[in-house]
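Tertiary structure, described
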Amino acid sequence: MVGRLHAPTPLPSRPALVLLKDITKRFPGVVANDRVTFELRPGEVHALLGENGAGKTTLMNILYGLYRPDSGEIWVKGRRADIRSPRDAIRWGIGMVHQHFKLVLPHTVAENVALGLAGTPFWAPARAVAQKIRELSQRYGLPVDPDRRVWELSAGEQQRVEILKALIRGAEVLILDEPTSVLTPQEAQELFKVLSRMKEDGHGIIFISHKLDEVLSVADRITVMRRGRVVGTVLAQETNKTELARMMVGREVVFRLTKSTCQPGEAALRVQDLYARNDRGLWALKGVSFHVCRGEILGIAGVAGNGQRELVEVLTGLRRAERGKILLLGREVTNRSPRLLSDLGCAHVPEERIRMGIVPALPVEENLILKRHHRPPFCWRGLLRPRAIRSFAHRAVEEYAILTPSLRTPAKLLSGGNIQRLILARELSGRPAVVIAAHPTYGLDVGATEQIRQLLLRQREEGAAVLLVSEDLEEILELSDRIAVMFRGEIMGIVSAGEASLEEIGLMMAGERRSPVRSEGT
Amino acid sequence: MRRLGPFVLEPRLSPSRAAVLGVSLGAVVFALLLAAAVFYGYGRNPWQAYAQIGRGVFGSWPSFSEVLRRAIPLILCGVGLTLAFRAQFWNIGAEGQLLAGAVAATGVALFLPVPEGWRLPLMFLCGFLAGGLWAVIPALLRVKLAVNDVISTLMLNYVMAYIVEWLVHGPWKGPTMRGFAYTDRFPLTAQLGWLPGTRVHWVTLALGVVLALGVAFLLARTRLGYEIRVAGQNPEAARYAGINFTAVFALVMLLSGGLAGLAGVGEVAGIHRMLRSPSHISMGYGYTAIIVAWLARGNPLVAVFTALFFGLLFAAGDHMRIALGLPFQIVGVFQGLIFFCLIGFEILLSWRVGLARKGRAWSGQIGS
Ligand SMILES: Nc1ncnc2c1ncn2[C@@H]1O[C@H](COP(=O)(O)OP(=O)(O)OP(=O)(O)O)[C@@H](O)[C@H]1O
Ligand SMILES: [Mg+2]
């Protein structure tokens, strides 16, 4: 294996589309990229793998002109490229779709695409590009309506707009930073089809992802990074999950979780006939009822946008319930404040971690006490206790392996995965009675995903009731004791994990109601 | 990175302290250079003018004490504003809050029958409450009705200024003042003492410094301070953490406006010893305090020093008027230039700037 990793790659007939040579980038306290060399050929999908904080995003930001490397060279199509801004990058035919989209929400698709596009007329620029959008979306199978407003679009559609934006600017190289973490499985499949069409046209695609199965199926070559360095580049056909995981983590990773049998206690969270509206004032929850017992994980499956987000918000006090009842540990808590719910022992791992889960400018240690900052040992008679905060933060950083230069580092400087670990450390360390986790492993590397799943299972063994909302069916099946499927704000049925078949869950996700006789089964 | 003429800009996520200090000083120096042009416009050699002003201000204790005197209301208002700005509440209303404090103090001084020993402490207390409550109005308007804080605080300044005008022309017009729009003179027990040979009402000055320390402690080490910072940096996370916005913003503005109110008490009890027209009471201290707090980057301890700097500007304005024969309004021009440069130089804090030279990696950096 070692031999193959370092074997010289055969000389391509055409020069590489992109060649990054010995790129080094240091940030205070970390070497994010350490003499990284990376090559992208025309007509290939080249995946970039690595643990959280390995330096993938940094490397791509350098190629896209957002950061300047401390040393190293960038070559595009055999020519030395001096890329100092995204505008330069676009001129060199490089486009990037960031993990967090950068669209102007109140504007239409066409207006967003026209924004900053060279050569668009000053007046009515959107009309001029609308035609072009239709052409390109036909060609690559990217259906979007140029006249829709961006806020109306799903995450998948917004991503298509970002890709179109890059293509219309003439990108030959497309960088996708964790593109599938916001997509439903169907949307991901559609994306892969688009990518293969782009490949045929000779485009090159750099694809960052933490999902190994996905990487193995779409990529031609895979480069693995660890702690800022390249571990090796392998052909996708000649490798497998175990090997990739070992390259990333540096040790074996078990893909089987050890899960004890479920011994449910009394119901810790009970929801009865819940109704709520979404931000646009339409019904998002229409009579949802279920319960979660202590020592049990209830998985909520379903395609994104079927009311899961609103459900989590209502359960954590962030959204009003219009009708129905929520009982936490036997106490009615419908429409009570988030503070009360969290004080009663309801932990919440939010879906939007940067927007809601952390205070980006505050240091790691102060982020770790959010929600418990008003209670001993962190606060006493209105005064914060720095010693208690620091020692708790020390333990949390260690126990949850949060990679940070120091406890005083602003949380926004951590890599995506480490921010998620910070949130989990905070939410799970307070011995919660109920854990409401929305996409808890979203954006985490394989090692961390295993670790977090193990943590959720440990919570369950310690007697917490866990409500797991995820679009990742595999995750739901692996962790849950019972699975509820949501469709258009209603629960289509609840099945126990043992007896659930994939087809049955798939049908429910598509809106088929399970026969009521069996849904009372567990 | 971005390109701007011959420069390239690289985003800087968290600027270091040295960078902040360097950039702020740079902005002030740059503003003073621009101001030199104004002196030229008046046909005076700017360097000589600066030297003359320097000699005038630092020449003797009594003239230097004017810097302190001018700094007192700026310290109190500025410190209060740092608190509001840390909560991302744009309190443009320190001017009105200061006047509210002055009105309350006048009421206590002239009309409240209390034991004489209690009069001054009560004036401070009521001044604080008046300024604070006046500032709580926009806080509640914003939290409950989503009314823009910049507009509401600004508008309340005009309301309070007209209330003062009405009082001194109407019900509170002093019978002993021979028709001037003043209230009566405060009784001796309602006047603050001066440091010998100066007009520095030292009680207010001491109060300002102590309160700056207090606000710094509040922000860094108390639960309320933590909640203020969280609510200011990321309201979404504050909601998630169950922080009570109404309570936090009401308290922030009570304190912020209260401090401005104390400044008003100091001005009427320490300088004028009566209530008179708003432009005499304040000369725009509440507006200047915005720059004071901005230059201090929301740090209340630094605000003490930036307030002293602007006190110096005011004192220099007096000298320019007397020694150089320039209009006093030139102080406003200076302040405007400084504020303008500060905002303009802000770009250097969020972006690291270097010279773009082809083929060469990094050349010079500014303020890193
Ligand atoms: N602007 C910055 N300032 C300081 N440190 C930074 C900055 N950007 C990234 N880092 C650090 O550089 C390292 C690499 O970060 P990067 O975002 O490239 O990781 P990543 O491989 O994309 O991880 P993830 O999979 O979690 O997104 C991390 O340790 C991160 O904390
Ligand atoms: Mg990343």
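Residues numbered from 1 in each chain as written. Chains lettered and ligands numbered in written order. Predicted model: local features only at pLDDT ≥ 70, side-chain atom pairs only at ≥ 80, totals over all residues. Heavy atoms only, no water.

Below, the discussion takes up the site of ligand 1. Neighbouring ligand 1 are 20 residues, the closest being A:Gly53, A:Lys56, A:Thr57, A:Thr58 and A:Leu413. More than one chain reaches ligand 1: the nearby residues come from chains A and B. With respect to ligand 1, the backbone of A:Ala54 contributes an N or O atom lying 3.2 Å from an oxygen atom. Within the backbone of A:Gly417, a nitrogen or oxygen atom sits 2.9 Å from an oxygen atom of ligand 1. For ligand 1, whose accessible area on its own is 640 Å², the fraction buried by protein is 90%. Elements with a minimum of two residues in the shell around ligand 1: β2 (30-40), α2 (56-63) and α15 (416-428) of chain A. Ranked by residue count, the leading element in the shell around ligand 1 is α2(A), at 3 residues. Partitioned by chemical class, the residues of the shell around ligand 1 number 8 nonpolar, 9 polar and 3 charged. (Near = heavy atom within 4 Å. Polar contact = N/O pair within 3.5 Å; in protein donor to acceptor, adjacent residues only side chain to side chain. Areas by Shrake-Rupley, 256 points an atom, 1.4 Å probe, with all protein chains shown as cover. Helix = DSSP H or I, 4+ residues; strand = E, 2+ residues; numbered from the N terminus. Nonpolar A, V, L, I, M, F, W, Y, C, P; charged D, E, K, R; others polar.)

All right, on to empty space enclosed by the protein then. The tally for this structure, following the rule as stated, stands at 3 cavities of 30 Å³ or more. Taken as a whole, the largest cavity holds about 100 Å³ of empty space. In terms of lining residues, the largest cavity is bounded by A:Arg309, A:Val312, A:Glu313, A:His348, A:Pro350, A:Glu351, A:Glu352, A:Met356 and A:Ala438. It is helix α10 (residues 308-315) of chain A that provides the largest number of residues to the lining of the largest cavity, a total of 3 residues. Among the residues making up the lining of the largest cavity, the classes are represented as 4 nonpolar, 1 polar and 4 charged. In this structure, the second largest cavity spans a volume of roughly 60 Å³. Taken together, A:Thr316, A:Leu318, A:Pro338, A:Leu341, A:Ser342, A:Cys346, A:His348, A:Lys371 and B:Tyr240 make up the full set of residues lining the second largest cavity. (1 Å grid on protein atoms, 1.4 Å probe; cavity = no way out; pocket = protein on both sides within 12 Å on 5 of 7 lines; lining within 4 Å. Points joined across faces, edges and corners; volume = space filled by probe spheres on them.)

Turning our eyes to something else, we now look at the layout of surface pockets. Residue and element names in this part refer to chain B. Considering only enclosed or pocket space, the second largest pocket measures out at about 2200 Å³ in volume. Looking at the second largest pocket, it is lined by 50 residues, and the ones nearest its centre are Arg17, Val20, Arg86, Arg297 and Asn299. Residues of the lining of the second largest pocket, tallied by class, amount to 28 nonpolar, 11 polar and 11 charged.

Here the focus is a nonpolar patch on the surface. All names here are of chain B. Judged by side-chain polarity, Val29, Phe30, Leu33, Leu34, Tyr40 and Trp47 come together as a nonpolar surface patch covering roughly 630 Å² of accessible area. With respect to the helices, strands and loops of the structure, tryptophan 47 is situated in helix α2 (residues 46-58). Among the residues examined, tryptophan 47 registers a relative accessible area of 48% and is labelled partly exposed. (Patch = residues over 30% accessible without salt bridge, like charges linked within 9 Å, V, L, I, M, F, W, Y side chains within 5 Å. Salt bridge = Lys/Arg side-chain N within 4 Å of Asp/Glu carboxyl O. Buried < 20%, exposed > 50% of the residue type's maximum accessible area, 1.4 Å probe, protein only.)

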